[in-house]
Amino acid sequence: MGDNKAAMDAFKKAFDDGDPQAFSRAMEQVAADDFVEEWPQSGERIRGKAAVKRINEGYSTATGTNPKMKLRRVLGEGDVQVVEATIDYGDGTPVSYVGIAEFKGGKLAKITEYFANPFEAPAWRADFVERMVPAGVR
């Protein structure tokens, strides 16, 4: 992980702090100026850490919510890390989050993020699966 360790440590701290403003501070510290953030599910791409900062800092005002994030784990090595977490957007629903972080020269160059709401497992699969506690549920 080398140079990327400090960047991932700051990113992990932002998750521990749990809010969009913490992410904004972490991004300011670890992201490259030409950082790219992609949200494939909504078809959005954000270019530049200044744009990401504006989105993160204005999120609560624009949406009326203050999401809380909880880190589950970080996997990977070198220039690619995978972040798993849950996000509660204020309604108690633990939305699963996966971010694929790509580093270049010790800076976060790109992250592709996926968000998924929990859903009830269908009964027809009951004989084929082992039940577990859904992500974010205690």
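Refer to the structure above for everything that follows.
Looking at the overall build of the protein
Next, step 1: Of the regular secondary structure elements, the protein holds three helices and six strands.
Next, step 2: Along the protein, helices (α) and strands (β) appear in the sequence α-α-β-β-α-β-β-β-β when read from the amino end.
Next, step 3: For 138 residues, the compact-globule estimate of 2.2 N^0.38 gives 14 Å, and the C-alpha radius of gyration of the protein, at 16 Å, lies within 12% of that figure.
Next, step 4: Restricting the contact set of the protein to residue pairs at least 6 apart, pairs at least 24 apart contribute 43%.
Next, step 5: Only carbon and sulfur atoms are counted for the fraction: they give 52% of the accessible area of the protein, which is about 8,500 Å².
Next, step 6: Here the protein contributes 19 positive and 22 negative side-chain charges, whose respective centroids are spaced 2 Å apart.

Focus on the pairing of strand β5 (residues 94-104)
Next, step 1: Here strand β4 (residues 80-88) pairs with β5 via nine bridges, running antiparallel. Paired with Ile-87 across the two strands is Val-95, which belongs to β5.
Next, step 2: A loop of five residues connects β4 with β5, the two strands running antiparallel in sequence, and Gly-90 in this loop sits at a positive phi of about 110 degrees.
Next, step 3: Between β5 and strand β6 (residues 107-116), which pair antiparallel and follow one another directly, the connecting turn spans two residues, one of which, Gly-105, has a positive phi of 60 degrees.

Remarks on the sheet that holds strand β3 (residues 68-77)
Next, step 1: Taken together, six strands build an open sheet; the order of strands is β2-β1-β6-β5-β4-β3 and the sheet is mixed. Two strands close off the open sheet at either side, each with one partner strand: β2 (44-47) and β3. Pairwise comparison of adjacent strand axes, ignoring direction, gives a mean angle of 15 degrees for this sheet.
Next, step 2: Contacting β3, β4, β5 and β6, helix α1 (residues 4-17) runs over the sheet at an angle of about 160 degrees to β3.
Next, step 3: Strands β1 (31-39) and β2 of the sheet are contacted by helix α3 (residues 49-63), whose axis makes an angle of about 60 degrees with β1.

Looking at the pattern of salt bridges
Next, step 1: A full pass over the atoms with the stated rule returns six salt bridges.
Next, step 2: Close ionic contact of Lys-5 with Asp-9 constitutes a salt bridge, the shortest N to O distance being 2.9 Å. Residue Lys-5 and its partner Asp-9 are both found in helix α1; the two are separated by four residues, about one turn of the helix.
Next, step 3: Across the salt bridge formed by Lys-110 and Glu-38, the nearest N and O atoms sit 3.5 Å from each other.

Describing α1
Next, step 1: Taking 1.5 Å per residue, 14 residues should reach 20 Å; α1 reaches 20 Å between its end C-alpha atoms and fits that length.
Next, step 2: Regarding α1, the residues found buried are Asn-4, Ala-7, Met-8, Ala-10, Phe-11, Ala-14 and Phe-15. Buried residues along α1 cover an arc of 160 degrees about the axis, so they all sit on one side. In this structure, α1 carries Ala-6 and Asp-16 as exposed residues pointing more than 90 degrees from its buried face.

Section: the packing of aromatic side chains
Next, step 1: Applying the stated criterion to the full structure yields one aromatic pair.
Next, step 2: Geometrically, the ring pair formed by Tyr-97 and Phe-115 is tilted, given 5.6 Å between the ring centres and 55 degrees between the ring planes. Placement of the pair is Tyr-97 in strand β5 and Phe-115 in strand β6, with a sequence separation of 18 residues.
Next, step 3: The class of Tyr-97 is buried, set by a relative accessible area of 3%.

Definitions and cut-offs
- All residue numbers here refer to positions counted from 1 along the written sequence of the relevant chain.
- At least 70 in pLDDT is required for a residue's local features to be given in this predicted model, at least 80 for side-chain atom pairs to be given and counted, and no such filter applies to totals for whole chains, interfaces and linings, which use all residues.
- Values shown for side chains rest on all heavy atoms present in the structure; no hydrogens or waters enter the calculation.
- By definition, any uninterrupted DSSP run of H or I lasting at least four residues is a helix, any uninterrupted run of E lasting at least two residues is a strand, and each is numbered from the N terminus.
- Restricting the calculation to C-alpha atoms gives the radius of gyration, and the globule rule supplies 2.2 Å times the number of residues raised to the power 0.38.
- By definition in these notes, contact holds between two residues if any of their heavy atoms fall within 4.5 Å.
- Residue-level accessible areas treat just the shown protein chains as cover; the underlying method is Shrake-Rupley with a 1.4 Å probe.
- Working convention for charge: Lys and Arg count positive, Asp and Glu count negative, and His plus the chain ends are omitted.
- For charged residues, the charge sits on one atom: NZ in Lys, CZ in Arg, CG in Asp, CD in Glu.
- When DSSP finds at least two bridges between two strands, those strands are taken to pair.
- Whenever a helix is involved, its axis is fitted only over the stretch in contact; in every case the axis is a line through C-alpha atoms, and angles between N-to-C directions fall within 0 to 180 degrees.
- The working definition used for a salt bridge is a side-chain nitrogen of Lys or Arg within 4 Å of a carboxyl oxygen of Asp or Glu.
- To estimate the expected span of a helix, count its residues, drop one, and scale the result by 1.5 Å.
- Classification of residues uses two cut-offs on accessible area relative to the type maximum, computed with a 1.4 Å probe and protein chains only: under 20% is buried, over 50% is exposed, and between them is partly exposed.
- By arc we mean the arc of the directions from the helix axis to the C-beta atoms, nothing more.
- Between 30 and 60 degrees the pair is tilted, below 30 it is stacked and above 60 it is edge-to-face, where a pair is any two Phe, Tyr or Trp rings, Trp via its six-membered ring, whose centres lie within 6.5 Å.

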